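# Descriptive analysis of the structure
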Amino acid sequence: MRGRRVDPAAGARAGALPEAIAALSRSLPSGPSPEIFRRAKFDRPDATSALWQLLFRVLSPLPAGSALASIALEVQARLVKSALCSQGYPRLALAQLPEDGSQGSRELLLALSWLLARGPVPEQMVAQTRVPLGDEMTVCQCEALASLGPPAPHMETEGPVDVRHVQWLMGKLRFRWRQLVSSQQEQCALLSKIHLYTRGCHSDQSLGHLSVTEAEMLRDPEGGQQVSGAGAAQNLDLAYPKGLHFSCTPGMGPRTFWNDLWLVCQQPGLLPGDWAAPLDPGGASACSLLFPLRVLLRTLEHENRRLEAVLAWRRAELVFWQWMDTVLGTCAPEAPAAASQPTFLPWVPECGDGELELVVRELRTLEEELREAAERRRVAWEAKARGCGRGPEWSAARRACRETVEKELGALQRCWEQDRSPAQAHGPHRLVRREDGAAGDRDLRAAELIRTLRSQEACLEAMLRQLQGQCRQELARLAGALPGLIWIPPPGR
Amino acid sequence: MSIVTVQLGQCGNQIGFEVFDALLRDSHSSHGLCCKRENEAYQASCKERFFSEEENGVPIARAVLVDMEPKVINQTLSKAAQSGRWKYGQHACFCQKQGSGNNWAYGYSVHGPRHEESIMNLIRKEVEKCDSFSGFFIIMSMAGGTGSGIGAFVTQNLQDQYSNSLKMNQIIWPYGTDGVSLFLKVSERPGVVALACNPSTLGGQGGQIRKSRDRDHPGDLMEHLVPHPEFKMLSVRNVPHMSENSLAYSTFTWAGLLKHLRQMLISNAKMEEGIDWHVQPPSSGLPSLGKMSLNKDLHFNTSIANLVILRGKDVQSADVEGFKDPALYTSWLEPVNAFNVWKTQRAFSKYEKSAVLVSNSQFLVKPLDMIVGKAWNMFASKAYIHQYTKFGIEEEDFLDSFTSLEQVVASYCNL
């Protein structure tokens, strides 16, 4: 925020600020009103919970849906804190805010503007909640690599951790991962079926078949109400499109889906090819299409409004930053971050009991003593280890290590790049099923992509096997060093 | 979320039939005790999971039957068809004319590879019929040659070919059998869970677990109970334990049922009769070393994880706090992570209230230890070894298996 030294004369007419904030608000999902922002500048408590929720929506890795609304405010606040911490948010005051939403709206406002300054937040939010008309997937891995992982949970290690517990958790992760993989496979198989069965149904000849969103609209016109902002069909990578999530609805199995779709495609005049023709209001078949089309239209208009809000925000944001400077000015200057960890004392209830005070005092003295003892030992250790961390041999060894790693990484990247076709663009691509040889010049062929991915996979697997072999050799060497020790490897993966 | 069942050998096929029959009978039973809509959803999900639909509306079990002799398979097929309510697929079975001579090695090394392709083809066809495939139930017996030998071989193959699907092995362990080899081979492979069952109650238990809730992924059960690679053995207990004819004259309370179930868990009882009520969890004041020796003395059964499935009337009022006692569980897993409960109003068959406990605990330690001891004695005195070496099982394989099994026993003992 300090970096944004804007020209004070720019955009300084009356009313520009509320408009800018309103635009920002419209572009964010469930954005709070400009009044909330104004109250936050003066650190009013009634603005706090709205800002916690907004920050949670922005920082949460989960897709939109009703599940988010049911998370308690305390949990949201905690997640926001740890997410900001893991992103490197500099102000300590935020970490110390109470989680019940009773105070701290100004700090939250500062946090929000920090996020806005770092990256294109409104654009990302709009991208997250859009309705893809076609079935999409991304081919590059930039998004996956760039996206920051979920906020780390608040971990407190009390003493040694049993390795079996860690293995237990690893096992659970593995199960979840396997479920995810098989769900994705299932999703792909079903997508393929939909594309295959609805061949010839689309008015757009270059596409030739329906996408899931389109098919679902035909099959279930009343349910088409769900095709809107929250719970919308999402990118294949993220979640199930509504049409494929069979097992949630009682009694509706995959068979009913295919039955319905088949019936629909069989009826004359219901094919989307006739959509372009003027609809006869008296015809029953036409009416059954109007409703979902209207819903889709409303959704798209809603998206357009969000996009326009983003554009308006971008035009007017200078005013906002000027205002934020004033907000920052009203804050008390923060003490420099303490170099050491803040000490955590046990929280003693203020009962006024003399004994408890004695205990607290004793604890404090004990803690002081421990700290001094720890300090002494640390100094002694460092003196002992001084030769290890520094010195010419050490830095030479480290340099050699770094060079090896860089060489290996370089080899890996080269191995990947030689198979990568240069035309691979970033961002989502629409999946279209076509006859052989019908692909255009700018289209990516699935077969090529699969080949590229397979070769990347082979490279990584070779590397993994090599590293595993090294580990095994090292372990065998260690085990061999102790006479009489029998090495029983764990059950195979 | 469909499951394909692979029935292997005589025992596997007989039990498999019982399970499917129990499933469908329960599905059609009228004492649902829940509202109509819920009942319909339950029936629909049961059908989808275990049966596929034919034109004339008779459900076909999603199953593959394998045996080396035709008698039992033919009996099973005809029993199913006679019921009129369901049947097996016409081409879903594989049998030969010769049998396996009660020899595990023959089943594993000879029959397995010889018929691998045909059997795997059958399985693949069944899997392809599923729109949403979640995993396998593999039913086999520990004794005999076909179920155990081919069973082990098929399980390994499934692990290789369908590495991302869940596999649950239901292993029937007739009392007094020394089926070491099967156990070793099966428990070596990760992702495969051994579920040792008492054959007499298997039908009901199998039905109950599999259908506990409409929307549950069988993966949930596995994820809650067996994520750890060294601890993959489950046991199943259910209450009440009585024939359906006497049910009309008995009433049960949740408190009573759960108390019995908990004691069955603690004292490692297999049936409801003869529960040893003297066994109690150790009090928390004892140091952990003392706890272990006390456990050994009083046969206290420490659990890693438990899952309780409650079905029937007033299920929401059932109190499962007794299962959340930390003393029941091992030290490295808190009860909040180790214990799960699934409840549904929809009763099972004619039981107004029923409770099933699926438990990952020390129940198998003693029997395993015993049979490993016996097997080792036989191995050391070279009894019967030629039966195995004749078909390609070397002494090293035996030693590997013994090591793995000892490891399993040791891991469970050290809870």
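Just so you know, these numbers come straight off a predicted model, no measurement behind them.

So, on to the UniProt feature "domain: Tubulin epsilon and delta complex protein" (unreviewed entry) in chain A. According to UniProt, the positions carrying the feature "domain: Tubulin epsilon and delta complex protein" (unreviewed entry) are residues 88-227 and 294-328 of chain A. Structurally, residues 294-328 of chain A comprises 100% helix and 0% strand, and the distance from its first C-alpha atom to its last is 46 Å.

Looking now at unusual backbone geometry. Residue Asp43(A) is not a glycine yet carries a positive backbone phi of 60°. When you line up the elements, Asp43(A) lands in the loop between helix 2 (34-41) and helix 3 (48-59). Positive phi values are uncommon outside glycine, yet Asp314(B) reaches one of about 55°. Assignment of secondary structure puts Asp314(B) in the loop between strand 11 (303-312) and helix 11 (335-338).

Once that is clear, we can look at the sheet that holds strand 5 (residues 87-88) of chain B. Across the sheet, which stays open at both edges, the three strands sit in the order 2-3-5 (chain B) with mixed pairing between neighbours. Edge strands, defined here as strands with exactly one partner in the open sheet, are strand 2 (51-52) and strand 5 of chain B.

Attention shifts here to the packing of helix 1 (residues 9-28) of chain B against helix 2 (residues 36-50) of chain B. All names here are of chain B. Packing of helix 1 against helix 2 brings their axes to within 9 Å, and their N-to-C directions diverge by 160°. One element, helix 1, and the other, helix 2, form an angle in the roughly antiparallel class. Seen along the crossing, helix 1 lies across helix 2 with a hand that is left-handed. Touching Phe20, Leu23, Asp26, Ser27 and His28 of helix 1 are Tyr42, Gln43, Cys46 and Phe50, all from helix 2. Across the contact of helix 1 with helix 2, the residue classes tally to five nonpolar, three polar and one charged.

What follows is about the pattern of salt bridges. Residues and elements named next belong to chain A. Here the structure, examined in full by the defined rule, presents 20 salt bridges over all chains. Where Glu99 meets Lys81, a salt bridge forms, and the shortest distance between an N and an O atom there is 3.4 Å. Here Lys81 lies in helix 5 (residues 73-87) and Glu99 lies in the loop between helix 6 (92-95) and helix 7 (105-118), a separation of 18 residues in the sequence. Between Arg378 and Glu375 there is a salt bridge, with the nearest N and O atoms lying 2.5 Å from each other. Remark: Glu375 and Arg378 occur in helix 14 (residues 354-389); sequence separation between them is three residues, near one turn of the helix. Shared partners join several salt bridges into a network, and the residues in it are Glu35, Arg38, Arg39 and Asp46.

In this section: the pairing of strand 1 (residues 2-8) of chain B. Residue and element names in this part refer to chain B. Of all seven residues in strand 1, seven are buried, a share of seventy percent or more. With burial as the criterion, each face of strand 1 is covered, one bearing Ser2, Val4, Val6 and Leu8 and the other bearing Ile3, Thr5 and Gln7. The sheet contact formed by strand 1 and strand 7 (residues 133-141) spans six bridges and is parallel. Its bridge partner being in strand 7, Val6 is matched across the sheet by Ile138. Where strand 1 and strand 4 (residues 63-67) come together, four bridges link them in parallel fashion. Bridge pairing in strand 4 places Thr5 opposite Ala63.

To continue, consider the environment of Gln322(A). All names here are of chain A. By the element assignment, Gln322 lies in helix 13 (residues 284-330). The exposure class assigned to Gln322 is buried, which follows from its relative accessible area of 18%. Expressed as a C-alpha distance, the spacing of Gln322 and Leu17, which sit 305 residues apart in the sequence, is 9.3 Å.

So, about the nonpolar core. Looking at soluble globular proteins, one finds that nonpolar side chains tend to be buried together. All names here are of chain B. Grouped together as the largest cluster of nonpolar side chains are 110 residues, with contacts concentrated most on Phe20, Trp86, Tyr88, Ile123, Phe136, Leu310 and Phe323. Per element, the largest residue contribution to this core is eight residues, and it comes from helix 4 (residues 104-129). In this structure, Phe20 is in contact with Thr5, Gln7, Phe50, Phe51, Ala61, Arg62, Ala63, Trp86 and Tyr88, ignoring residues within four places of it in sequence.

Turning our eyes to something else, we now look at the pairing of strand 4 of chain B. Residue and element names in this part refer to chain B. For strand 4, the tally of buried residues reaches five of five residues, placing the bulk of the element in the interior. On strand 4, burial covers both faces: Ala63, Leu65 and Asp67 on one face and Val64 and Val66 on the other are all buried. With three bridges connecting them, strand 4 and strand 6 (residues 93-95) associate as parallel partners. Following the sheet pairing, Val66 is matched in strand 6 by Phe94.

What follows concerns the confidence of the model for chain A. Residues and elements named next belong to chain A. Of all residues in chain A, 64% attain a pLDDT of 70 or more, and the chain-wide mean is 71. Model confidence for chain A, summarised as mean pLDDT per element, is weakest for helix 9 (residues 142-146) at 50 and strongest for helix 7 at 87. When the criterion is pLDDT under 50, residues 1-11 qualifies, and its contacts beyond four places in sequence or with other chains add up to 18 contacts. Note that residues 337-344 has pLDDT below 50 and, in this model, three contacts with residues that lie over four places away or in other chains.

Overall, the coordinates contain 23 aromatic pairs over all chains when judged by the stated rule. Seen from their ring centres, Trp376(B) and Phe379(B) are 5.5 Å apart, and the 40° between their planes marks the pair as tilted. Highlighted residues: Trp376(B) and Phe379(B), both in helix 12 (residues 365-380), separated by three residues, approximately one helical turn. Trp376(B) sits in the partly exposed class, given a relative accessible area of 40%. On the basis of relative accessibility, which here comes to 10%, the residue Phe379(B) falls in the buried class. A connected cluster of aromatic rings, assembled from ring pairs, spans Phe17(B), Phe20(B), Phe51(B), Trp86(B) and Tyr88(B). Sitting above the plane of the Phe175(A) ring, Arg178(A) keeps its charged end 5.4 Å from the centroid.

The rules behind the values
Residues numbered from 1 in each chain as written. Chains lettered and ligands numbered in written order. Predicted model: local features only at pLDDT ≥ 70, side-chain atom pairs only at ≥ 80, totals over all residues. Heavy atoms only, no water. UniProt positions renumbered as here; feature names shortened; annotations may be inferred. Helix = DSSP H or I, 4+ residues; strand = E, 2+ residues; numbered from the N terminus. Pairing = 2+ DSSP bridges. Axes fitted to C-alpha atoms, helices over the stretch in contact; angles between N-to-C directions. Parallel < 35°, antiparallel > 145°, perpendicular 65-115°, else oblique. Left-handed = near helix turned anticlockwise from the far one by under 90°. Contact = heavy atoms within 4.5 Å. Nonpolar A, V, L, I, M, F, W, Y, C, P; charged D, E, K, R; others polar. Salt bridge = Lys/Arg side-chain N within 4 Å of Asp/Glu carboxyl O. Buried < 20%, exposed > 50% of the residue type's maximum accessible area, 1.4 Å probe, protein only. Core = buried A, V, L, I, M, F, W, Y, C linked by side-chain atoms within 4.5 Å. pLDDT = per-residue confidence, 0-100. Phe/Tyr/Trp six-rings, centres within 6.5 Å; stacked < 30°, edge-to-face > 60°. Lys NZ or Arg CZ within 6 Å of the ring centre and 35° of its normal.

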